[in-house]
Amino acid sequence: MNTFLETYFPNAYDIQDEIIKSIWETLYMVSVTALLAGIFGILLGITLVVTEEGGILEKPRLYHFLERMVNIFRSVPFIIMLALIAPITRLIVGTSIGTTAAIVPLVVGTVPFYSRQIQNALLEVDEGVVEAAAAMGSSPLEIIFRVYLKEGLPSILRVSSVTIINLIGLTTMAGAIGGGGLGNLAIARGHNRNQMDVTLVATGVILVIVFVSQFVGNYLVKKTSH
């Protein structure tokens, strides 16, 4: 095996420790961002559903404000987002370069996308079930947890899987401009130094992470579907 790697992937073979470090950096960015963006995205998605016209907590002004904010942030290309919020990133973590610093724009870039996915997932819940729960005297909070989140769980897991795969792509973009991880490895080592084998290895590992994420997501959707 070592002979094969030395022959066909010589540059990658020489930087095995750096590759392992880059893998952990990517997993770190994905996991922390997924946690933070997941919390804020679900809260924002629920708010959009319950405050829209006809919602259980109908508030048109709040809904239209949040709707516009989501649309605006979703429209900004991520590479531009990195530059736009660099001052905020420096304010929060003290620098705009590095793996931890990359989490800030990753969260900002993921929350609008995920919240819209959550909104669409919750809107798939049968409106008759929501109305029945309200007629039985359930409070808005009870409807959110016992109806929207419970009945919409398979759809929530499905869109969460899609969001994580999208997030993995964003981490590689962040890595390409100094955020660390496999994206930085593929560009700084592979592309800039003309070490194609390093780029191939980084790409291969990213694909494995994507496939594993997709498999886990599909498994959870099947287990919760009824």
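Residues numbered from 1 in each chain as written. Predicted model: local features only at pLDDT ≥ 70, side-chain atom pairs only at ≥ 80, totals over all residues. Heavy atoms only, no water.

**Q** Please explain the overall build of the protein chain as it appears in this structure.
**A** For the protein chain, the helix and strand inventory stands at twelve helices and zero strands. Overall, the protein chain shows an N-to-C arrangement of helices and strands of α-α-α-α-α-α-α-α-α-α-α-α. On the principal axes, the C-alpha backbone points of the protein chain span a range of 70 × 40 × 25 Å. Within the protein chain, the fraction of its 226 residues that count as buried is 41%. Within the protein chain, contacts between residues separated by at least 24 positions form 71% of all contacts whose residues are at least 6 apart in sequence. Of the accessible surface of the protein chain, which amounts to about 12500 Å², a share of 65% is contributed by carbon and sulfur atoms. One way to put it: in the protein chain the 14 positive side-chain charges average out to a point 4 Å from where the 16 negative ones average out. (Helix = DSSP H or I, 4+ residues; strand = E, 2+ residues; numbered from the N terminus. Buried < 20%, exposed > 50% of the residue type's maximum accessible area, 1.4 Å probe, protein only. Contact = heavy atoms within 4.5 Å. Areas by Shrake-Rupley, 256 points an atom, 1.4 Å probe, with all protein chains shown as cover. Lys, Arg positive; Asp, Glu negative; His and termini not counted. Charge placed at Lys NZ, Arg CZ, Asp CG, Glu CD.)

**Q** Help me understand the side chain of Thr 89 in this model?
**A** One can find Thr 89 in helix α6 (residues 86-93). Overall, the relative accessible area of 3% leaves Thr 89 in the buried class. Among all residues touching Thr 89, those that are not within four sequence positions of it are Gly 94, Thr 95, Ser 96, Ala 101, Val 104 and Pro 105.

**Q** Would you mind going over the UniProt feature "transmembrane region" (unreviewed entry) in the protein chain with me for this structure?
**A** The UniProt record annotates "transmembrane region" (unreviewed entry) at residues 27-50, 71-89, 95-114, 156-178 and 198-221. Secondary structure over residues 27-50 splits into 100% helix and 0% strand, and the C-alpha atoms at its two ends are 34 Å apart. With 80% helix and 0% strand, residues 95-114 has its two end C-alpha atoms placed 26 Å apart. (UniProt positions renumbered as here; feature names shortened; annotations may be inferred.)

**Q** Help me out: how do you make sense of the nonpolar core in this one?
**A** Soluble globular proteins tend to pack their nonpolar side chains together in the buried interior. Ranked by internal contacts, the top residues of the largest apolar core, which has 34 residues, are Leu 44, Leu 48, Phe 78, Leu 106, Ile 168, Leu 182 and Leu 185. Elements with a contribution of two residues or more to this core: α3 (16-51), α4 (60-75), α5 (78-84), α7 (99-123), α10 (153-179), α11 (181-191) and α12 (196-224). Among residues more than four places away in sequence, those in contact with Leu 185 are Ile 15, Glu 18, Ile 19, Ser 22, Gly 190, Val 198 and Ala 202. Val 50, Val 125, Ile 144 and Val 159 belong to the second-largest nonpolar core, a separate cluster that totals 16 residues. (Core = buried A, V, L, I, M, F, W, Y, C linked by side-chain atoms within 4.5 Å.)

**Q** Please clarify how α12 should be interpreted in this entry.
**A** Each α-helix turn comprises 3.6 residues. Residues three or four places apart therefore point the same way. Taking 1.5 Å of rise per residue, 29 residues should cover 42 Å, and α12 covers 42 Å from first to last C-alpha, within 8% of that figure. Buried within α12 we find Asp 197, Val 198, Thr 199, Ala 202, Val 205, Ile 206, Ile 209, Val 210, Gly 217 and Val 221. (Expected span 1.5 Å × (residues − 1).)

**Q** Quick question: what am I supposed to make of helix α8 (residues 127-135) here?
**A** The N-capping residue of α8, defined by a side-chain oxygen 2.9 Å from the backbone nitrogen of Gly 128, is Asp 126. One or two residues past the end of α8 sits Gly 137, with phi positive at roughly 95°. (Polar contact = N/O pair within 3.5 Å; in protein donor to acceptor, adjacent residues only side chain to side chain.)

**Q** Where do I start with the pattern of salt bridges in this structure?
**A** It is possible for side chains bearing opposite charge to pair when their charged atoms get close. A full pass over the atoms with the stated rule returns three salt bridges. Note that Glu 67 is salt-bridged to Arg 116, the shortest N-O span being 3.0 Å. Of the two residues, Glu 67 sits in helix α4 while Arg 116 sits in helix α7, which places them 49 residues apart along the sequence. A salt bridge links Arg 146 to Glu 142; the shortest N-O distance between them is 4.0 Å. Residue Arg 146 and its partner Glu 142 are both found in helix α9 (residues 140-151); the two are separated by four residues, about one turn of the helix. (Salt bridge = Lys/Arg side-chain N within 4 Å of Asp/Glu carboxyl O.)

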